[in-house]
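# Overview (structure and organization)
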Protein chains: 2
Amino acid sequence: MPATLEYCFDFISPYTYLAATQVEDLAKRTGAKLVYRPVFLGGIFKETGNQAPMNIPKKAAYLPGDVQAWAGHYGVPLTFPASFPFNTVRAMRGALVAEREGKLPAYTKAGFKSAWVDGKDLGDLEVLAEVATSAGLDREKFLAAIEEPGIKEALKERTAEAVERGAFGLPTFFVGGEMFWGNDRLVLVEELLKKSK
Amino acid sequence: MPATLEYCFDFISPYTYLAATQVEDLAKRTGAKLVYRPVFLGGIFKETGNQAPMNIPKKAAYLPGDVQAWAGHYGVPLTFPASFPFNTVRAMRGALVAEREGKLPAYTKAGFKSAWVDGKDLGDLEVLAEVATSAGLDREKFLAAIEEPGIKEALKERTAEAVERGAFGLPTFFVGGEMFWGNDRLVLVEELLKKSK
C-alpha cells in the first residue's frame with residue numbers, strides 16, 4: 001500500500017503556497033498518495049495561541065524577502081497580493097465544496113495561482129467564483145454552497161481536527177503518525193516517504 | 001574579498017545547535033569567512049515580542065521530534081538536556097570573554113557539544129568552567145571575567161545590535177545585507193554564498 005501524504009492548507013499562507021508548488025512532484029517521486037486537507041488558519045491560531053508571523057513586526061519585515069528567496073530556490077513565481085491578509089474563510093469553505101464535487105486538487109491549484117501568482121484578492125467573491133469555474137465547478141451552485149450551514153460547520157470541524165492532531169500553523173503535513181510543520185520541512189517529509197517506499 | 005557569513009547564536013536553542021554542526025563546512029564549501037556572533041535569545045524575544053517555541057504548547061510538543069528529525073537528516077548526535085530551558089546568560093557572556101581571548105570558535109563548539117550532545121546544564125558554573133577550559137581558557141580568569149560589568153553590558157549591546165539589524169529569533173545569519181532566520185534557511189544561505197563566490 002502506498003504511503004499517504006496529507007497536506008493541510010489555507011490560501012492565506014505564502015509558505016503554504018510555496019509547498020503547494022512542490023507537493024505533487026514530491027508525491028510522484030516517492031510514490032505517495034497526496035491528500036489535500038482544507039483548514040482555516042485563523043482558527044488554528046485562535047485555538048493554539050500561536051501568532052501569525054505578521055503580528056510580530058520584525059518577523060513581518062522579514063517574511064516578504066524570505067518567501068521570495070524560497071520562490072527563487074524553487075524557481076516558481078510569487079506575487080505578494082496587495083490585499084494581504086485577505087479573508088479566506090469563503091475560499092476555504094469553497095475547498096470543501098470542491099472536495100464534495102471531486103474537484104479539490106484543481107480548485108486548490110487554481111486558488112493558490114489566483115492569490116500568489118496573479119496577486120488577486122480571494123476574499124472577493126468575483127475572484128473566488130473565477131477560481132471555482134476554472135476548476136470545473138458551477139458558479140451559481142458554488143456561490144450558494146459556500147453559505148451552507150453544513151459547509152461552514154465542516155470547515156470548523158476540519159480545523160479542530162487538525163489542531164487535535166497537533167497542528168499549530170501551516171503548511172502542516174501528516175505522513176502516517178508523523179507531523180511536519182513548514183514548507184522548509186519538505187526535505188524531511190521526502191526522506192521519510194522514501195524510507196517507507 | 002571572500003563573503004562573510006555571520007552566525008548569531010545562543011546555546012539555549014536546539015535549532016542553533018543544529019546550524020552549528022553545519023556552518024563551518026558550509027563556509028568552507030562556499031569560501032566564506034565565518035564569524036560567530038554571541039547574543040542572548042531571551043533578550044531578543046523580550047525586545048521583539050516574539051515567543052519562544054516552548055511557550056506555545058502545541059509547538060513545544062512538536063519541537064523535540066522535529067529537532068531529532070533534523071539531527072537524523074544531518075547525521076549528528078542530539079541529546080535534549082534534562083535541564084532545558086537552562087539559563088545561558090553566563091554562558092553567552094563567556095562567549096564574549098572567549099572572543100576577547102581569541103578562542104570563540106573553540107568555545108562555541110565546546111558549549112554546544114556540552115549542552116546538546118552530552119546533555120549537560122550550561123547554567124551550572126562547573127559545567128561552564130569545563131567548557132571554557134576545554135576551549136583553552138583559564139578557569140579562574142574566565143569565572144571572574146563573566147561577572148565583569150563591561151562583559152554584561154557587551155552582551156546586552158550585541159543582542160540589541162542583532163535586533164536592530166532585524167533578528168527576532170535564532171539562529172540568525174547575515175550575508176552582507178541579507179538576513180536569514182532558522183537552521184532550515186541554510187540551503188538559501190549556501191545558494192547566496194555560491195552566487196557571490
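Residues numbered from 1 in each chain as written. Chains lettered and ligands numbered in written order. Predicted model: local features only at pLDDT ≥ 70, side-chain atom pairs only at ≥ 80, totals over all residues.

Along its length, chain A carries nine helices and four strands. A globule of 197 residues ought to have a C-alpha radius of gyration of about 16 Å, and chain A, at 16 Å, matches this closely. Expressed along its principal axes, the backbone C-alpha trace of chain A runs to roughly 45 × 45 × 35 Å. Classification of the 197 residues of chain A by burial places 43% in the buried group. By sequence separation, contacts in chain A at least 24 residues apart represent 73% of the contacts at least 6 residues apart. (Helix = DSSP H or I, 4+ residues; strand = E, 2+ residues; numbered from the N terminus. Rg over C-alpha atoms; globule rule 2.2 N^0.38 Å. Buried ≥ 20, exposed ≤ 12 C-beta atoms within 10 Å, placed from the backbone. Contact = placed C-beta atoms within 7 Å.)

We now examine the interface of chain B and chain A. Across the boundary between the two partners, chain B contributes 19 residues, which contact 19 residues of chain A. Among the elements of the structure, helix H3 (57-74), strand E4 (178-181) and helix H9 (186-195) of chain B are those that each provide at least two residues to the side of chain B that touches chain A. A per-element tally of the side of chain B that touches chain A places H3 of chain B first, with six residues. For the side of chain B that touches chain A, a count of residues per class yields nine nonpolar, six polar and four charged. (Nonpolar A, V, L, I, M, F, W, Y, C, P; charged D, E, K, R; others polar.)

Residues and elements named next belong to chain A. Turning to its location among the elements, Gly-182 is positioned in the loop between strand E4 (178-181) and helix H9 (186-195). The exposure class of Gly-182 is buried, given the 20 C-beta atoms found within 10 Å. It is 7.1 Å that separates the C-alpha atoms of Gly-182 and Tyr-15, two residues lying 167 residues apart in sequence. Excluding residues within four positions of it along the chain, Gly-182 makes contact with Tyr-15 and Pro-171.

What follows concerns the confidence of the model for chain A. In low-pLDDT regions, the fine details of the predicted coordinates are not to be read closely. The pLDDT averaged across chain A works out to 97; a share of 100% of its residues lies at or above 70. Overall fold confidence (pTM) sits at 0.96, and the ipTM for the predicted complex is 0.94. (pLDDT = per-residue confidence, 0-100.)

With that settled, the discussion passes to the sheet that holds strand E2 (residues 33-38) of chain A. All names here are of chain A. One open sheet holds the four strands; their spatial order is E2-E1-E3-E4, and the pairing between them is mixed. Each of the sheet's edge strands pairs with one partner strand only, and the pair in question is E2 and E4. Pairs of neighbouring strands in the sheet enclose a mean axial angle of 20°, with direction left out of account. Where strand E3 (residues 172-175) lies against E4, four bridges are found, and the strand directions are antiparallel. Residue pairing across strands places Val-175 opposite Glu-178, the latter belonging to E4. Relative to strand E1 (residues 4-9), helix H1 (residues 14-30) is tilted by about 165°, and along the sheet it contacts E1 and E2. (Pairing = 2+ DSSP bridges. Axes fitted to C-alpha atoms, helices over the stretch in contact; angles between N-to-C directions.)

So, on to the relation of the copies chain B and chain A. Least-squares fitting of chain B to chain A yields an RMSD of 0.0 Å, with the transformation described by 0.0 Å of translation along the axis and a rotation of 180°. Between the two chains, the operation in question is that of a two-fold axis. Residue Asp-184 of chain B of chain B places its C-alpha closer to the rotation axis than any other residue of that unit, at 3.0 Å. (Least-squares fit on C-alpha atoms with pLDDT ≥ 70 in both.)

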